[in-house]
Amino acid sequence: MLIEPIIRWLNHKACKPEVPMSNFEKMRHELKPCDVILIEGRSRVSEVIKLITQSPWSHAALYIGRIPDIEDPVLRETLEKHYEGNDNDQVIIESELGCGTILRPLRYYEGDHIRIARPEGLKFNDSIDVIRFCVSRLGYDYDVRQIFDLARFFFPWWIMPRKWRSSLFSTHVGSSTKTVCSTMIAEAFDFVQFPILPLIKVDDEQNIQLFRRNPKLCVPSDFDYSPYFEIIKYPYLEYQNQLDYRLLPWSGTPEE
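What you are looking at is a predicted structure, and each value in this text was computed from that prediction instead of being measured.

1. Things to note about the overall build of the protein
Scanning the protein from terminus to terminus reveals 8 helices and 10 strands. Burial statistics for the protein: of 256 residues in total, 43% are counted as buried. Here the analysis covers contacts within the protein between residues at least 6 apart in sequence; of these, 73% occur between residues at least 24 apart. Entry remark: accessible area of the protein is about 15,800 Å², with carbon and sulfur atoms responsible for 54%.

Encoded structure:
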């Protein structure tokens, strides 16, 4: 099929940097189940997403933890059926072009630029429901159409030919068995009514109105911008207080 070589071309990745921006070892010890992991992707499709969203974050994954540590026996059994790795692996769930919704070991992103977006105040039972929602999407296809829908959505409506205009708000949005990385995670948090970037308005009587956004419009950077997610970073080179940054191993500026 024509789509397969296109997907392979889009998924082609540049080499990982020799020196990463993030300290993976410290990061992986900090993670908690239901954390959102933001990734600066290196593929061609990642570059498109960065351009569209004007953000370095082109991908998002949900951290599950180690499968044997999952208390819910049904959920644990489902995860075991879909994951062929080691029991001691730290596992994430994500949707990727050409792969659909899958489980992967966290170490897959070792060496990449990543950060943690942690839902502040999320209740334990709700965190399990968020994970359960994402696990229920395992095996779903990646919604290629939505990438183009999202791209068209960023253009002024009136200059677009009708056939190119976004179908995100139409009655039939597409197959219910297709998803993208940030959409799946946004739908999971929406399922437990946890806010990401809600729409806030004030009516004529100065009453605050809170509206839930369409999860299909969510992009990875929304978790970074959200005031309801704590952003946790572990830089490769770090300092402990405001005085120690002068002790970083500066070597001047690179020659042009």
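2. Observations concerning the packing of aromatic side chains
Taken as a whole and assessed by the stated rule, the structure comprises 7 aromatic pairs. Measuring from centroid to centroid gives 5.8 Å for F189 and F194, while their planes differ by 50 degrees, and the two rings are tilted. Grouping residues by exposure puts F189 and F194 together as buried. Ring geometry for F189 versus F223: centroids 6.5 Å apart, planes at 55 degrees, classification tilted. Taken together, the positions of F189 in helix α7 (residues 181–191) and F223 in helix α8 (residues 221–225) put the pair 34 residues apart, joining distant regions of the chain. This pair shows no difference in class: F189 is buried, exactly as F223 is. An aromatic cluster is defined as three or more aromatic residues linked by ring pairs; in this entry it consists of F189, F194, F223 and F229. Lying over the aromatic face of Y108, R104 brings its terminal NZ or CZ to 3.9 Å of the ring centre.

3. Observations regarding a nonpolar patch on the surface
A cluster of nonpolar side chains, namely I200, V202, I208 and L210, defines an oily patch on the protein surface of about 430 Å² accessible area. By the secondary structure assignment, I208 is in strand β9 (residues 208–211). Given the relative accessible area of 68%, I208 is considered exposed.

4. Looking at the side chain of R118
On the secondary structure map, R118 appears in strand β5 (residues 114–119). The exposure class of R118 is buried, given its relative accessible area of 11%. Excluding residues within four positions of it along the chain, R118 makes contact with E30, L31, K32, D35, Y228, F229, E230 and I232.

5. Points about the nonpolar core
If you look at the biggest cluster of nonpolar residues, it comprises 34 residues, and the most contacted ones within it are V36, L62, I93, F189 and F223. Contributions of two or more residues to this core are made by β1 (36–39), β2 (59–65), α4 (73–82), β3 (91–96), α5 (124–135) and α7. Once residues within four sequence positions are removed from consideration, L62 is found in contact with C34, D35, V36, V91, I92, I93, V130, I131, C134, I185 and F189. Core analysis: the next-biggest nonpolar cluster, separate from the first, contains 13 residues, I37, Y63, I114 and I232 among them.

6. Considerations on the confidence of the model for the protein
Residues of the protein with pLDDT of at least 70 account for 79%, and the chain-wide mean is 82. Low confidence marks residues 171–176, where pLDDT is under 50. Its contacts with residues over four positions away, or in another chain, come to 4 contacts.

7. So, unusual backbone geometry
Of note, the phi angle at C34 is positive, near 85 degrees, even though the residue is not glycine. On the secondary structure map, C34 appears in the loop between α2 (24–30) and β1. Even without a glycine there, the phi angle at Q206 is positive, about 65 degrees. Mapped onto the elements of the fold, Q206 is located in the loop between β8 (199–202) and β9.

8. Comments concerning the pattern of salt bridges
Scanning the model with the defined rule gives 14 salt bridges in all. The residue R104 makes a salt bridge to E94 at a minimum N-O spacing of 2.6 Å. Of this pair, R104 sits in strand β4 (residues 100–105) while E94 is found in strand β3, placing the two residues 10 residues apart along the sequence. E94 matches R104 in its accessibility class, with the two residues each being buried. Put simply, E96 and R104 hold a salt bridge, and the shortest N to O gap is 2.7 Å. When its relative accessible area of 13% is taken as the criterion, E96 is described as buried. The network of salt bridges with shared partners includes E30, D35 and R118.

9. Re the environment of E230
Counting through the fold element by element, E230 comes out in strand β10 (residues 229–232). Note: C-alpha distance between E230 and P119 (111 residues apart in sequence) is 6.4 Å. Among residues more than four places away in sequence, those in contact with E230 are I116, A117, R118 and E120.

Rules behind the numbers
- Residues numbered from 1 in each chain as written.
- Predicted model: local features only at pLDDT ≥ 70, side-chain atom pairs only at ≥ 80, totals over all residues.
- Heavy atoms only, no water.
- Helix = DSSP H or I, 4+ residues; strand = E, 2+ residues; numbered from the N terminus.
- Buried < 20%, exposed > 50% of the residue type's maximum accessible area, 1.4 Å probe, protein only.
- Contact = heavy atoms within 4.5 Å.
- Areas by Shrake-Rupley, 256 points an atom, 1.4 Å probe, with all protein chains shown as cover.
- Phe/Tyr/Trp six-rings, centres within 6.5 Å; stacked < 30°, edge-to-face > 60°.
- Lys NZ or Arg CZ within 6 Å of the ring centre and 35° of its normal.
- Patch = residues over 30% accessible without salt bridge, like charges linked within 9 Å, V, L, I, M, F, W, Y side chains within 5 Å.
- Salt bridge = Lys/Arg side-chain N within 4 Å of Asp/Glu carboxyl O.
- Core = buried A, V, L, I, M, F, W, Y, C linked by side-chain atoms within 4.5 Å.
- pLDDT = per-residue confidence, 0-100.

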